[in-house]
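Single-letter residue listing:
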Amino acid sequence: MGIATSRFEERTLCSLGKAGHAQPEFERNQALVGAGVLFLLPALLSQGLLKTKEVYHFPPSHYYGLESIVLTLAFMALSRIKNPEQLKQCKPGEIGRIIGLDRVPEVKCLRDKINSLSQQKQASRLNNLLIQQWYQADTKEDADFLYIDGHVRIYYGYKANLPLKYVSRQKLCLSATTEYWVNDAKGLPVMMVMGELTEKLQTAIEHSIIPQLIEANLLSTDCQQAHIPQCTFVFDREAYEPEFFQRLWSVYKIAIITYRKNVKDSWSVNDFNTKAVSVSGQSINMDLCEQKTELGGYQFREIRRLGINGHQTAIITTHPSIDTSTVAGRMFARWSQENFFRYLIQDYDFDKMISFGVETIDPKKTIVNPEYRKLSHQLKKIREKIQRVSSKFYPLVEQIIDGDLEQLPQITDKQMQYKHLLEKYAIQEKNILHQRELHPPRITLEQMPENQRYNKLKTESKLLMNVIKMICYRAESAVASILAPFLENADNEKRMLVKQIIESNADIIPDYQKNTLTVVLYSLSAPRYNNAVKNLNILLNQTETVFPGSNLTVIFKTSADSNCER
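Residues numbered from 1 in each chain as written. Predicted model: local features only at pLDDT ≥ 70, side-chain atom pairs only at ≥ 80, totals over all residues. Heavy atoms only, no water.

(A) Expanded view of the overall build of the protein chain. Broken down by element type, the protein chain carries 17 helices and 18 strands. Along the three orthogonal principal directions, the C-alpha set of the protein chain runs to about 105 × 60 × 55 Å. Sequence-distant contacts in the protein chain: of pairs separated by 6 or more residues, those separated by 24 or more amount to 69%. Of the roughly 28600 Å² that the protein chain leaves accessible, carbon and sulfur atoms contribute 49%. Taken as two groups, the 70 positive and 63 negative side-chain charges of the protein chain have centres that lie 4 Å from each other. (Helix = DSSP H or I, 4+ residues; strand = E, 2+ residues; numbered from the N terminus. Contact = heavy atoms within 4.5 Å. Areas by Shrake-Rupley, 256 points an atom, 1.4 Å probe, with all protein chains shown as cover. Lys, Arg positive; Asp, Glu negative; His and termini not counted. Charge placed at Lys NZ, Arg CZ, Asp CG, Glu CD.)

What follows is the structure, given as structure tokens:
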């Protein structure tokens, strides 16, 4: 039955289909490795981890129930166990005792459970339920501003045939998929949708993000008479198009804030005024100016920031009422989403593949013709060569007029060489243009050769794990915000302290007569951290958290507390 198993009777009955899910049963344990992760249990539950019970189900004969599997996945993410295979390097009995079982599932079993959940295809519905919980009446203002950006996930395998995408962090075009993330005004994740082919950010917003936000009741379809936006999207130049901005406002009453493209004029320096701008909670003085501007036949508010070197950063918005400082603050706070990506890549390894395999894409979907794109790229390179040679050829005419007669033969030879190259490149340009005319700019997938036809990686398991990682990140952020007032250097220490709590050992002391489960965290690396956790314990104990699947109320203590009874 495996290392560290002790509940043999239950496992045997489950294998025969004569027993239900194993319920948590705790024993007294000292110095349990990584048991500090239990200090994040109240935050996980408050962020909706058990919403999974409303959308997923397991057959009753399975030894590991839904709660146990979901807790295992969440604790793995928080403990930086980045994929099921890494469980081979951990002590299964230690982690099992944290969730109240004899051991955690072994790798194959856990992958089977993830696959079983993925086959139910409920990740988007789960995300919608979480959004409804996260943004109720008293917290809905956090979703008044939503940051949207795409994250390119590189594919290193060979089974899938994915389109090439530009990866900015590697400055290369590689096989990849794109995940479009939505974060709220505090930088917390809200939702994620998966791109199938080479969708632009505009397409993802209109056809995937907005419909799901409407399903989650964060946006309304009955907004035509509203004079204020029901939401403001903040994104970079990738989705820049004035007609698209106007369509968002007229159809959905969604305002936008983004950088302006192709700025060629400069405003008078005397028009700028110094204003205090709040960017991610920090006050920064900026020189700002606002004017009306017309782009693509539509009117926009344009705000510019004057930099120290005289550079003017142009921002446009369709929001009719917020002040200039708020527009600038929201735009420059977009880096909170980039920081979120960096944190999840480093700590959660969220680019990792969850399930191996590929899925087909609707053959009627249209894409840019690969042959047309290839020829267009060749045409661009030839025209660049023509431009470079031309920049050397035409100045020679002036040198012939103004130069000495002795230099004339050398200049004439160079001129003839450049002219020969220009004629050669002109012929190549004409041939490429003729070849490109034979290929349509866009084709459907079914028009591609079968061995080159695009497909996609399995998406449902990735969506599910991303939702769980959203919950974990939000739980970490909630605990970090509680600890922040008790730390002098909170910006640099709060998340580090949360990770130290998670990694620390703890005693687990169940009392079935009083229905309590006491978790005693071992002393941390500095007295100030122990003091911060002592204050955290007060708030955690006020929640009266009941461990899932049991009737045990969890009590949080630290060994550094003089009043702690172990």
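(B) Focus on the nonpolar core. Counting 123 residues, the largest nonpolar core has Ile205 and Phe233 as its most contacted members. Residue contributions to this core peak at 13 residues, all from helix H15 (residues 460-483). With residues near it in sequence (within four places) discarded, Ile205 still touches Ile148, Ile210, Pro211, Phe233, Phe235, Phe244 and Leu248. In this structure, Tyr147, Ile257, Met286 and Ile315 belong to the second largest nonpolar core, which totals 17 residues. (Core = buried A, V, L, I, M, F, W, Y, C linked by side-chain atoms within 4.5 Å. Buried < 20%, exposed > 50% of the residue type's maximum accessible area, 1.4 Å probe, protein only.)

(C) Quick look at the pattern of salt bridges. One pass over the structure, following the stated rule, counts 27 salt bridges. Lys186 is paired through a salt bridge with Asp142; the nearest N and O atoms lie 3.6 Å apart. Of this pair, Lys186 sits in the loop between strand S4 (172-183) and strand S5 (189-194) while Asp142 sits in the loop between helix H7 (123-134) and strand S2 (145-154), placing them 44 residues apart in sequence. Residue classification places Asp142 among the buried positions, given a relative accessible area of 16%. A salt bridge links Arg528 to Glu493; the nearest nitrogen and oxygen atoms lie 2.8 Å apart. One end of the pair, Arg528, is in helix H17 (residues 527-542); the other, Glu493, is in helix H16 (residues 490-503), with 35 residues separating them in the sequence. Residue classification places Arg528 among the partly exposed positions, given a relative accessible area of 44%. Using a relative accessible area of 11% as the deciding quantity, one classes Glu493 as buried. Members of the salt-bridge network, linked through shared partners, are Arg80, Asp347, Glu476, Arg495 and Lys499. (Salt bridge = Lys/Arg side-chain N within 4 Å of Asp/Glu carboxyl O.)

(D) Spatial organisation of the packing of aromatic side chains. One pass over the full model with this rule turns up 15 aromatic pairs. Residues Phe26 and Phe547 carry aromatic rings whose centres are separated by 4.8 Å and whose planes lie at 85 degrees to one another, so their mutual orientation is edge-to-face. Of this pair, Phe26 sits in the loop between helix H1 (8-15) and strand S1 (29-32) while Phe547 sits in the loop between H17 and strand S18 (553-558); the two residues are 521 residues apart in sequence, bridging distant segments of the chain. A relative accessible area of 1% means that Phe547 is categorised as buried. Taking the centre distance of 5.0 Å and the plane angle of 65 degrees together, the rings of Phe39 and Phe556 count as edge-to-face. Of this pair, Phe39 sits in the loop between S1 and helix H2 (41-46) while Phe556 sits in strand S18, and the two are 517 residues apart along the sequence. Among the aromatic residues, those joined into a ring-pair cluster are Trp181, Phe340, Phe341, Tyr343, Tyr348, Phe350 and Tyr473. Above the ring of Tyr343, the side-chain terminus of Arg495 is found at 5.1 Å from the ring centroid. (Phe/Tyr/Trp six-rings, centres within 6.5 Å; stacked < 30°, edge-to-face > 60°. Lys NZ or Arg CZ within 6 Å of the ring centre and 35° of its normal.)

(E) Spotlight on the pairing of strand S17 (residues 516-521). In terms of residue burial, S17 counts as a mostly covered element, since 6 of its 6 residues are buried. Alternating positions in S17 separate into two faces, Thr516, Thr518 and Val520 on one and Leu517, Val519 and Leu521 on the other, with burial throughout. Pairing between strand S16 (residues 506-511) and S17: 6 bridges, direction antiparallel. Paired with Pro510 across the two strands is Leu517, which belongs to S17. As consecutive antiparallel partners, S16 and S17 are separated by 4 residues, and within that stretch Asn515 has a phi angle of approximately 55 degrees, a positive value. In the sheet, S17 pairs with S18 via 6 bridges, with the strands oriented parallel. In the strand pairing of S18, Leu521 is matched with Thr558. (Pairing = 2+ DSSP bridges.)

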